[in-house]
There are 2 protein chains.
Amino acid sequence: MIVSAKGRYALRVMIALAARENSEPVPLKELSAEEEIPHKFLEQIMTELAKAGLVESARGKNGGYLLTRPPEECTAADILRVTESTLAAAECADGGDCPRAGTCPTLPMWRALDEAMDDFLKKYTLADLVSQRV
Amino acid sequence: MIVSAKGRYALRVMIALAARENSEPVPLKELSAEEEIPHKFLEQIMTELAKAGLVESARGKNGGYLLTRPPEECTAADILRVTESTLAAAECADGGDCPRAGTCPTLPMWRALDEAMDDFLKKYTLADLVSQRV
DNA sequence: TATAATTCCTATGAATTTGGTAGGAATAAA
DNA sequence: TTTATTCCTACCAAATTCATAGGAATTATA
């Protein structure tokens, strides 16, 4: 029960982008150096975030990445849903096909935990995280 | 971010024990068959639960396992803390030695998430889970 | 047009974790 | 003595995680 390095990296990078006030694309090289995240690994992460529509990329010279929405409108839940393949508390709560599902005494708890985590993560916007309020 | 099979098995077995009204030791064989959990794997899990003091074992013929406390006094948090090596939301919140800890904008959130999960899991006792209230 | 700086794409791989299996020793009841 | 059980230790296959590597495509600018 843990958030992967990928998820933690993603969140940090998104915060770093949110912290910039200008709207010029920030190159991966800069983000990677600043946040001390391996360049090539971050590249993969940014691709996922871009596909999910959380950032947009500008290719070629002077290219880089930008947030697609204001920091107030992007939450930790939005980001972690992209990077964490299984944000579910337990597989069984995640559309799993467990044959016990009908009678399992634990399933309702896993589902409730899922919802509780999601609610929690939704409370944190990038704006909150940048300014360390919350 | 997921609870492992080990943790799910542990919880189910503890519920199965709690569901029994008598106080005779329940052999692993019976638990394993009833819950459809591989015998040898469950053996390892029971050893951990016993070491943690959540169950006690009786060796030899007619031996087996028993809860050490009434089901009202054992929570999902107690059990998962034993089986999930990392109940922490993120490594960094788990006594990690991250050099960024001092200034990391995400650390407080991970710690808060940890606490929220723990609070959530503490609400579910074995008695609750057996009777499907909650 | 050439060059430099960037993202995009695809493949590979080492280390770790997970989910078991295996065999036998120790213990205790009948 | 037999039988049923837990205890202990070692091993292992598959999946996942955390990257690394190399080059193609794209774009600004000198």
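Just so it is clear, the model here is predicted, and its values are computed rather than measured.

Asker: How would you summarise the overall build of chain A if you had to cite specific residues and measurements?
Answerer: Scanning chain A from terminus to terminus reveals six helices and two strands. Listing the helices and strands of chain A from first to last along the sequence gives α-α-α-β-β-α-α-α. For chain A, the spread of C-alpha atoms along the principal axes amounts to about 60 × 30 × 25 Å. For chain A, with 134 residues in total, the buried portion stands at 35%.

Asker: Lay out the packing of helix α4 (residues 76–83) of chain A against helix α5 (residues 107–122) of chain A with the relevant residues and their values.
Answerer: All names here are of chain A. Here α4 crosses α5 at 125°, and the two axes come no closer than 7 Å. The pairing of α4 with α5 is recorded here as oblique in orientation. In contact with Ala76, Ala77 and Leu80 of α4, α5 contributes Asp118, Leu121 and Lys122. Of the residues assigned to the contact of α4 with α5, the class counts are four nonpolar, no polar and two charged.

Asker: So what's going on with the protein's contact with DNA strand C? Which residues, and what values?
Answerer: Taken together, 26 residues lie around DNA strand C, and Leu28(A), Ser57(A), Ser4(B), Pro38(B) and Gly60(B) are the ones closest in. Sorting the residues of the surface near DNA strand C by element identifies α2 (28–35), α3 (39–51) and β2 (64–67) of chain A together with α1 (5–19) and α3 (39–51) of chain B as the ones contributing at least two each. Residue contributions to the surface near DNA strand C peak at four residues, all from α3(A). Classifying every residue of the surface near DNA strand C by side-chain character gives eight nonpolar, ten polar and eight charged.

Asker: So what's going on with the interface of chain B and chain A? Residues and values would help.
Answerer: In this complex, chain B contributes 25 residues to the contact, which on the side of chain A involves 25 residues. Mapped onto the side of chain B that touches chain A, the elements with two or more residues apiece are α1, α5 (107–122) and α6 (126–131) of chain B. Broken down by class, the residue content of the side of chain B that touches chain A amounts to 18 nonpolar, three polar and four charged.

Asker: Provide a residue-level description of the packing of helix α1 (residues 5–19) of chain A against α2(A), including the pertinent values.
Answerer: Residue and element names in this part refer to chain A. Contact pair α1 / α2: the axes reach a minimum separation of 11 Å and the direction vectors enclose 110°. Judged by the angle between their axes, α1 and α2 are roughly perpendicular. Classified by chirality, the crossing of α2 by α1 is right-handed. Two secondary-structure elements touch here, α1 through Arg12, Val13 and Ala16 and α2 through Leu31, Glu34 and Glu35. Classifying every residue of the contact of α1 with α2 gives three nonpolar, no polar and three charged.

Asker: Let's hear about the protein's contact with DNA strand D: which residues, and what values?
Answerer: In the vicinity of DNA strand D there are 26 residues, among which Ser4(A), Pro38(A), Gly60(A), Leu28(B) and Ser57(B) approach most closely. Of all elements in the fold, only α1 and α3 of chain A together with α2 (28–35), α3 and β2 (64–67) of chain B reach the threshold of two or more residues within the surface near DNA strand D. Among the residues forming the surface near DNA strand D, the class breakdown is eight nonpolar, ten polar and eight charged.

Asker: I'd like a description of the relation of the copies chain B and chain A, backed by residues and values.
Answerer: Mapping chain B onto chain A calls for a screw motion: a turn of 180° about the axis and a shift of 0.0 Å along it, with 0.1 Å RMSD after fitting. The symmetry that links the two subunits is that of a two-fold axis. Interface residue correspondence from chain B to chain A reaches 100%, placing this contact among same-surface, isologous pairings.

Asker: Talk me through the pairing of strand β1 (residues 55–58) of chain B; I want residue IDs and the actual numbers.
Answerer: Residue and element names in this part refer to chain B. Here β1 runs beside β2; their pairing, made up of four bridges, is antiparallel. Residue Ala58 lies in a different strand from β2, and its bridge partner there is Gly64. Where β1 hands over to β2, the hairpin turn is made up of five residues, of which Gly60 adopts a positive phi near 75°.

Asker: Give a description of the nonpolar core that names residues and reports values.
Answerer: Met14(A), Ala89(A), Met14(B) and Ala89(B) are the most contacted members of the largest nonpolar core, which has 76 residues in total. Among all residues touching Ala89(A), those that are not within four sequence positions of it are Trp110(A), Leu113(A), Asp114(A), Met117(A), Ile2(B) and Val3(B).

Asker: A description of the environment of Thr106(A) should follow, citing residues and the corresponding values.
Answerer: Position of Thr106(A) relative to the elements: it lies in the loop between α4 and α5. In sequence terms Thr106(A) and Ala93(A) are 13 residues apart; their C-alpha atoms lie 9.6 Å from each other. What Thr106(A) contacts, discounting residues up to four positions off in sequence, is Arg8(B), Leu11(B), Arg12(B) and Leu129(B).

Asker: So what about α3(B)? Which residues, and what values?
Answerer: Residue and element names in this part refer to chain B. Over its 13 residues, α3 extends 18 Å from the first C-alpha to the last, a length consistent with the 18 Å expected when each residue adds 1.5 Å. Every buried residue belonging to α3 is among Leu42, Ile45, Met46 and Leu49, and all of these are buried. The buried residues of α3 occupy an angular sector of 100° when projected down its axis, which confines them to one face. Turned more than 90 degrees off the buried face of α3, the exposed positions are Lys40, Glu43, Gln44, Thr47 and Lys51. Each element contacted by the buried residues of α3 is listed here: α1, α2, β1, β2 and α4 (76–83). Phi turns positive one or two residues past the end of α3, at Gly53, with a value near 85°.

Definitions and limits used
Throughout this description, residue numbers start from 1 for each chain and increase along the sequence as written. Labels are handed out in written order, letters beginning with A for the chains and numbers beginning with 1 for the ligands. The predicted origin of the model limits local features to residues at a pLDDT of at least 70 and limits the giving and counting of side-chain atom pairs to 80 or more, whereas totals for whole chains, interfaces and linings rest on all residues. Secondary structure elements follow DSSP: runs of H or I no shorter than four residues count as helices, runs of E no shorter than two count as strands, and numbering proceeds from the N terminus. Here the C-beta atoms are placed from the backbone, and a residue counts as buried if at least 20 other C-beta atoms lie within 10 Å of its own, exposed if 12 or fewer do, and partly exposed otherwise. Convention adopted: a line fitted to C-alpha atoms gives each axis, helices being fitted over their contacting stretch, and angles between N-to-C directions are expressed from 0 to 180 degrees. Every angle not falling under 35 degrees, over 145, or within 65 to 115 is termed oblique; those three ranges are roughly parallel, roughly antiparallel and roughly perpendicular. Contact between two residues is assigned whenever their backbone-derived C-beta positions fall within 7 Å. Under this grouping Gly is polar, as are all residues other than the nonpolar Ala, Val, Leu, Ile, Met, Phe, Trp, Tyr, Cys and Pro and the charged Asp, Glu, Lys and Arg. Here, nearness is defined through the C-beta atom: a residue counts as near a molecule or strand if that backbone-placed atom lies within 6 Å of it. For any pair of crossing helices, the crossing counts as left-handed if the nearer helix is rotated counterclockwise from the farther one by less than a right angle, and right-handed if it is rotated clockwise. Superposing copies: least-squares fit, C-alpha atoms only, residues required to have pLDDT of at least 70 in both. Strands are labelled as partners when DSSP assigns at least two bridges between them. A set of buried Ala, Val, Leu, Ile, Met, Phe, Trp, Tyr and Cys residues, joined through C-beta atoms within 7 Å, is what we mean by a nonpolar core. To estimate how far a helix should reach, multiply one less than its number of residues by 1.5 Å. Note: the arc covers the axis-to-C-beta directions of the helix.

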